[in-house]
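Below, each chain spelled out in residue letters.
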Amino acid sequence: MFNYIVSQLVNGVTLGGMYALIALGYTLVYGILLMINFAHSEMFMSGGYIGLGVLNLLSNKAVQAAVVARLPFLAFLQSARTFFTGSTIGMILMLLIVFGISAVLTGCLGMLTERFAYRPLRNAPRLCPLISALGISIFLQNAALLWIDNSIPFPSLLPTRDFGFGITPIRIFIIVTSLILLFVLDRFVSTTRIGKAMRATSQDQDAAGLMGIDINSVIALTFFIGPALGAVAGIFSGMYYGVVTYNMGFFPGIKSFTAAVLGGIGNLRGAMLGGFMLGIIEALASGFISSGYKDVIAFVILIIVLIFRPGGLLGESVVEKV
Amino acid sequence: MTTERDNINSEAPSLAADLLPAAKPMFKKQRGSKTSPLKVILLVILALALIAAPIIFQGFGQLLLIRIFAIVGLYIILAMGLNIVVGYAGLLDFGRMAFYAFGAYAAMLIGVPLAQALGPQLGGWAYVVSLVGGAIVSSLVGFLLSLPVMRLRGDYLAIVTLGFGEIVRICLQNNFLGLSNGAQGLPRTGQTLPAPPGLDWLKMNVYFPINDRFVIEFSSNVYWYYIILILLVVAIIVVRRQDNSRLGRSWAALREDEVAAAAMGVNTTRAKTWAFVLGALWGGVAGATFSYFQMVASPETFNFFNSVLVLAIVVIGGMGSIPGVIVGALAIQGIPEFIRWFAQNFLSGAASGIDKTVSNYRNLILGLLMVVMMAIRPAGLIPSKRIKREIHGAGGSDGSTRVEGDVLVNGVPAGIEGATPGGGEGA
């Protein structure tokens with residue numbers, strides 16, 4: 001019984017790391033634009049797809065052959081394959097490349113959506129950007145479904161071993177990496193000049209603008225960082241569950257949004273706390289109550305938090321200004 | 001309280017007129033509703049065409065076409081319900097399928113045992129009871145949902161309704177309380193749905209061969225087409241009248257500015273509750289009819305994407321506009337189905353595979369269309385006059401009515417506001 005509880009907790013912290021990474025994207029955007037970026041769950045999905053694509057390009061013989069046949073200048077990839085797949089250093093390097101490229105490309109995708117879908121609507125009624133975001137989400141899901149595939153298996157890169165209590169290399173990897181990223185982001189926002197600009201913008205956009213902060217750049221940066229972190233979580237998810245699907249973003253997206261609300265939307269540390277809390281609650285609930293209802297639990301928490309404490313655990317209470 | 005209307009109509013300078021500056025000419029127009037003879041003739045032709053269509057399609061054996069029209073009709077009813085919530089009252093609902101599901105499952109749970117109790121003679125009337133029952137259950141759920149979410153702001157409301165929709169679907173899938181029969185849905189194996197009243201009689205007695213290729217006859221598809229058409233006409237009349245009523249005006253005030261509406265004496269709680277209840281009502285009516293028409297209610301129908309589809313119908317057609325909703329449903333639900341029907345009937349071989357591609361691309365285009373519409377035509381294809389005025393507004397200060405940022409922003413001289421990169425309010 002004790003073993004079971006601990007292994008559920010480990011599972012919960014793993015999920016929590018992913019949720020925290022995604023939740024940061026929601027909370028960053030909400031903090032600055034007061035808008036729920038519905039398309040953020042598709043950034044997570046895109047991250048998984050792009051990461052898998054890069055991974056296959058580096059390590060999959062068949063994929064490499066197919067790509068080189070069309071783009072001969074990529075032939076050097078074939079000779080690098082044994083290095084990437086053979087040695088430990090190559091493996092680490094490959095993971096870094098996969099995560100790096102996926103995060104950057106997804107970040108750019110996030111900036112693109114901001115530029116073309118949200119920026120024109122900045123002065124529109126509140127419903128408009130929300131519906132636009134929903135449209136982006138539907139579009140990206142179906143683009144992935146149509147042009148890539150419904151679901152693609154994701155190779156497990158790390159050895160499958162159990163150190164007891166459900167502690168496996170993949171779980172350690174996810175927990176450690178997400179903690180590092182969360183720490184880096186926290187330092188970035190609270191100590192650097194750009195971070196200060198982001199905080200100023202989220203406090204009062206117009207005053208920040210008058211102080212000489214380029215609001216558009218800050219918003220674009222926000223839409224880069226959020227999706228980039230989401231992409232990392234997307235690859236985690238692919239490695240953890242061994243598959244990427246076109247609709248893989250829906251439930252993690254909603255749950256991470258719940259995590260962001262639970263911690264207090266707009267509050268970075270709140271999102272991190274909320275992410276881990278939600279992961280643990282979900283793991284325990286699916287372990288002890290019913291796994292069929294595990295997705296319901298997040299929604300129930302969301303509804304309860306929104307109704308009784310809409311500011312979240314660490315957030316300030318929101319006073320509606322007229 | 002007739003004074004409010006009198007004030008507006010007599011053009012007396014009143015606070016209510018300030019709240020809805022554009023309302024004056026609109027109410028006048030409705031008072032003296034003169035419809036041109038051309039419009040009447042067109043309407044009569046349209047009505048005759050709609051009445052004759054299923055008989056003609058049946059005669060030519062195009063059953064699929066009748067079903068397409070019936071489904072589009074159901075989606076129009078569903079979207080009209082959502083239109084009350086989103087279009088009139090300005091409350092976002094991303095979980096519309098929950099009410100559809102309550103209507104469908106309630107109809108099943110009421111109809112199947114009732115038909116057995118009534119016996120073969122009267123069993124058909126179980127549909128009518130189910131329809132009313134589905135509508136009542138669904139409205140009740142709408143009422144119950146409205147209680148906790150009353151104070152939530154627009155985007156939070158959207159997420160909560162989304163969550164509600166998913167909770168309902170997952171509970172149905174997991175055979176909640178043993179009622180919903182899990183993923184298989186209702187009716188359970190061995191149980192059958194009663195035929196609706198009069199269907200058997202009509203099937204037996206309507207048979208007029210015109211020639212050896214064309215026969216006027218009745219089938220269950222034709223029957224449901226007419227039922228849905230009648231429900232649709234009722235829905236249009238009722239919803240139109242509601243929009244023009246005192247309640248409709250308080251919805252408009254609520255949509256434009258909740259705080260100002262409350263300050264002007266609009267009972268916002270009451271207006272919101274009614275929006276939820278009446279919106280849910282049409283969801284229940286459509287759901288009950290859907291389950292009898294399809295003869296099954298299974299959880300997969302009520303997924304999030306279908307909720308989005310209904311929302312897209314309202315948004316793309318035109319929020320708060322009944323013709324808009326009809327056009328939206330025809331465009332979004334109708335056109336892809338027509339293409340599929342065309343492909344099945346007139347294309348062969350490789351080209352007939354088009355129908356799968358069509359439904360895939362439909363969703364892709366739908367997403368893109370939602371984005372593009374918000375950017376270039378946020379009021380929809382056929383905008384409601386009132387909403388169009390709200391969105392495009394009179395002058396730049398219009399944003400102050402809904403943006404929750406500081407009013408000060410709008411008080412700042414335009415020159416300074418322009419100096420801000422992006423120049424936007426924080427919303």
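These figures come from a predicted structure and were not determined experimentally. (Residues numbered from 1 in each chain as written. Chains lettered and ligands numbered in written order. Predicted model: local features only at pLDDT ≥ 70, side-chain atom pairs only at ≥ 80, totals over all residues. Heavy atoms only, no water.)

1. Examining the overall build of chain A
Across its full length, chain A holds 13 helices and two strands. Relative to the compact-globule value of 20 Å for 322 residues, chain A shows a C-alpha radius of gyration of 20 Å, a close match. Expressed as lengths along the three principal axes of its C-alpha atoms, the size of chain A is roughly 65 × 55 × 40 Å. In chain A, buried positions account for 58% of the 322 residues. Across chain A, contacts joining residues at least 24 apart in sequence account for 76% of those joining residues at least 6 apart. (Helix = DSSP H or I, 4+ residues; strand = E, 2+ residues; numbered from the N terminus. Rg over C-alpha atoms; globule rule 2.2 N^0.38 Å. Buried < 20%, exposed > 50% of the residue type's maximum accessible area, 1.4 Å probe, protein only. Contact = heavy atoms within 4.5 Å.)

2. Considerations on the overall build of chain B
The number of helices and strands found in chain B is 19 helices and two strands. Each of the 427 residues in chain B was classed as buried or not, and the buried ones make up 53%. Counting only contacts in chain B whose residues sit at least 6 apart along the sequence, the fraction spanning at least 24 positions is 75%. Counting only carbon and sulfur atoms, one obtains 66% of the accessible surface of chain B, whose full area is about 19,200 Å². (Areas by Shrake-Rupley, 256 points an atom, 1.4 Å probe, with all protein chains shown as cover.)

3. Observations regarding the nonpolar core
Phe38(A), Met239(A), Phe257(A), Phe94(B) and Trp251(B) are the most contacted members of the largest nonpolar core, which has 215 residues in total. In terms of residue count, the dominant contributor to this core is helix α5 (residues 63-88) of chain B (18 residues). Contact partners of Trp251(B), with chain neighbours within four places excluded, come to Ile84(B), Tyr88(B), Ala89(B), Gln242(B), Ala271(B), Trp274(B), Ala275(B) and Leu278(B). (Core = buried A, V, L, I, M, F, W, Y, C linked by side-chain atoms within 4.5 Å.)

4. Some words on the environment of Ser87(A)
All names here are of chain A. As for its placement among the helices and strands, Ser-87 is situated in the loop between α4 (76-86) and α5 (88-118). On the basis of relative accessibility, which here comes to 29%, the residue Ser-87 falls in the partly exposed class. Measuring from C-alpha to C-alpha, the distance between Ser-87 and Thr-258 comes to 41 Å, with 171 residues separating the pair along the chain. A polar side-chain atom of Ser-87 sits 3.1 Å from the main-chain carbonyl oxygen of Phe-83. Separated by 3.1 Å, the side chain of Ser-87 and the backbone nitrogen of Gly-90 make a polar contact. (Polar contact = N/O pair within 3.5 Å; in protein donor to acceptor, adjacent residues only side chain to side chain.)

5. Notes on the interface of chain B and chain A
Contacts between the two partners involve 54 residues from chain B, matched on the other side by 55 residues from chain A. For the pairing of chain B and chain A, the buried interface totals around 5,200 Å² over both sides, and the portion due to carbon and sulfur atoms is 73%. Taken together, chain B and chain A are joined by zero salt bridges. Here chain B and chain A share zero residue pairs in polar contact (both at pLDDT 80 or more) between them. Breaking the side of chain B that touches chain A down by element, the ones donating at least two residues are α8 (154-173), α14 (304-317), α16 (354-376) and α18 (407-411) of chain B. Ranked by residue count, the leading element in the side of chain B that touches chain A is α8(B), at 13 residues. (Buried area = accessible area lost by both parts, 1.4 Å probe. Salt bridge = Lys/Arg side-chain N within 4 Å of Asp/Glu carboxyl O.)

6. Details of the pattern of salt bridges
In total, this model carries ten salt bridges over all chains according to the counting rule given. For Lys255(A), the salt bridge identified is with Asp295(A), shortest N-O distance 2.7 Å. Of the two residues, Lys255(A) sits in helix α11 (residues 250-263) while Asp295(A) sits in helix α13 (residues 294-308), which places them 40 residues apart along the sequence. The same class applies to Lys255(A) and to Asp295(A), which are both buried. Asp93(B) serves as the salt-bridge partner of Arg96(B), at 2.9 Å between the closest nitrogen and oxygen. In this structure, Arg96(B) and Asp93(B) share a single accessibility class: buried. When salt bridges with common partners are traced through the structure, they connect Glu114(A), Arg119(A) and Arg122(A) into a single cluster.

7. Regarding the packing of aromatic side chains
Considering all chains together, one arrives at 28 aromatic pairs over all chains under this definition. An angle of 65° between the planes, with centres 5.1 Å apart, marks the rings of Phe250(A) and Phe251(A) as edge-to-face. Summarising the aromatic geometry, the rings of Phe218(B) and Tyr226(B) are spaced 6.2 Å apart at their centres and angled 25° between planes, so their arrangement reads as stacked. In this structure Tyr226(B) comes out as buried when scored by relative accessible area, which is 19%. In this arrangement the basic side chain of Arg115(A) is found over the ring face of Phe116(A), its NZ or CZ atom lying 5.8 Å from the centre. (Phe/Tyr/Trp six-rings, centres within 6.5 Å; stacked < 30°, edge-to-face > 60°. Lys NZ or Arg CZ within 6 Å of the ring centre and 35° of its normal.)

8. Looking at helix α6 (residues 97-122) of chain B
Over its 26 residues, α6(B) runs only 31 Å from end to end, short of the ideal 38 Å by more than 12%, given 1.5 Å per residue. In α6(B), a bend of some 65° at Gln116(B) exceeds every other bend along the element, and Pro120(B), a proline, comes one to four places later. (Expected span 1.5 Å × (residues − 1). Bend = angle between axes of the 7 residues up to and from the residue.)

9. Concerning the environment of Asp214(A)
Residues and elements named next belong to chain A. Along the chain, Asp-214 turns up in the loop between α9 (205-210) and α10 (215-241). Residue class for Asp-214 comes out partly exposed when judged on its relative accessible area of 38%. Residues Asp-214 and Thr-201, spaced 13 residues apart in sequence, show a C-alpha to C-alpha distance of 9.2 Å.

10. Quick word on the confidence of the model for chain B
Predicted coordinates in areas of low pLDDT are best not read in detail. All names here are of chain B. Averaged over all residues, the pLDDT of chain B is 78; the fraction at 70 or higher stands at 81%. Of all the helices and strands in chain B, helix α19 (residues 414-419) carries the lowest mean pLDDT, 34, while helix α13 (residues 268-294) carries the highest, 93. Scored below 50 in pLDDT, residues 1-32 shows 29 contacts in the model against residues more than four places distant or in partner chains. Within the model, the stretch residues 394-427 combines pLDDT values under 50 with 48 contacts to residues more than four positions away or in other chains. ipTM for the predicted complex: 0.84, alongside a pTM of 0.81. (pLDDT = per-residue confidence, 0-100.)

11. A word on the packing of α11(A) against helix α12 (residues 268-288) of chain A
All names here are of chain A. One can describe the packing of α11 onto α12 by two numbers: an axis separation of 7 Å at closest approach and a directional angle of 120°. Taken together, the axes of α11 and α12 are oblique relative to one another. Crossing handedness for the pair α11 and α12: right-handed. From α11, Lys-255, Thr-258, Ala-259, Ala-260, Leu-262 and Gly-263 reach across to α12, where they touch Gly-270, Ala-271, Gly-274, Gly-275, Met-277, Leu-278 and Glu-282. Class assignment for the residues of the contact of α11 with α12 results in six nonpolar, five polar and two charged. (Axes fitted to C-alpha atoms, helices over the stretch in contact; angles between N-to-C directions. Parallel < 35°, antiparallel > 145°, perpendicular 65-115°, else oblique. Left-handed = near helix turned anticlockwise from the far one by under 90°. Nonpolar A, V, L, I, M, F, W, Y, C, P; charged D, E, K, R; others polar.)

12. Some remarks on unusual backbone geometry
For Leu34(A), which is not glycine, the phi dihedral falls at a positive 55°. Its place among the elements puts Leu34(A) in the loop between α1 (2-33) and α2 (40-59). For Met295(B), which is not a glycine, the phi torsion comes out positive at approximately 60°. Looking at Met295(B), the relative accessible area reads 55%, which means it is exposed.

13. With respect to the confidence of the model for chain A
Confidence in the prediction of chain A, expressed as mean pLDDT, is 87, and 98% of residues score 70 or more. For chain A, the element scoring lowest by mean pLDDT is α4(A), at 79; α10(A) scores highest, at 94.

14. Thoughts on a positive patch on the surface
Taken together, Lys39(B), Arg240(B), Lys385(B) and Arg389(B) make up a surface patch of like positive charges. Relative to the assigned elements, Lys385(B) resides in helix α17 (residues 385-392). (Patch = residues over 30% accessible without salt bridge, like charges linked within 9 Å, V, L, I, M, F, W, Y side chains within 5 Å. Lys, Arg positive; Asp, Glu negative; His and termini not counted. Charge placed at Lys NZ, Arg CZ, Asp CG, Glu CD.)

15. Points about the side chain of Ser132(A)
On the secondary structure map, Ser132(A) appears in helix α6 (residues 127-147). Within the local environment of Ser132(A), its side chain forms a polar contact with the backbone oxygen of Ala117(A), the two atoms lying 3.3 Å apart. If sequence neighbours within four positions are ignored, Ser132(A) has contacts with Ala117(A), Tyr118(A), Leu121(A), Val371(B) and Met374(B).

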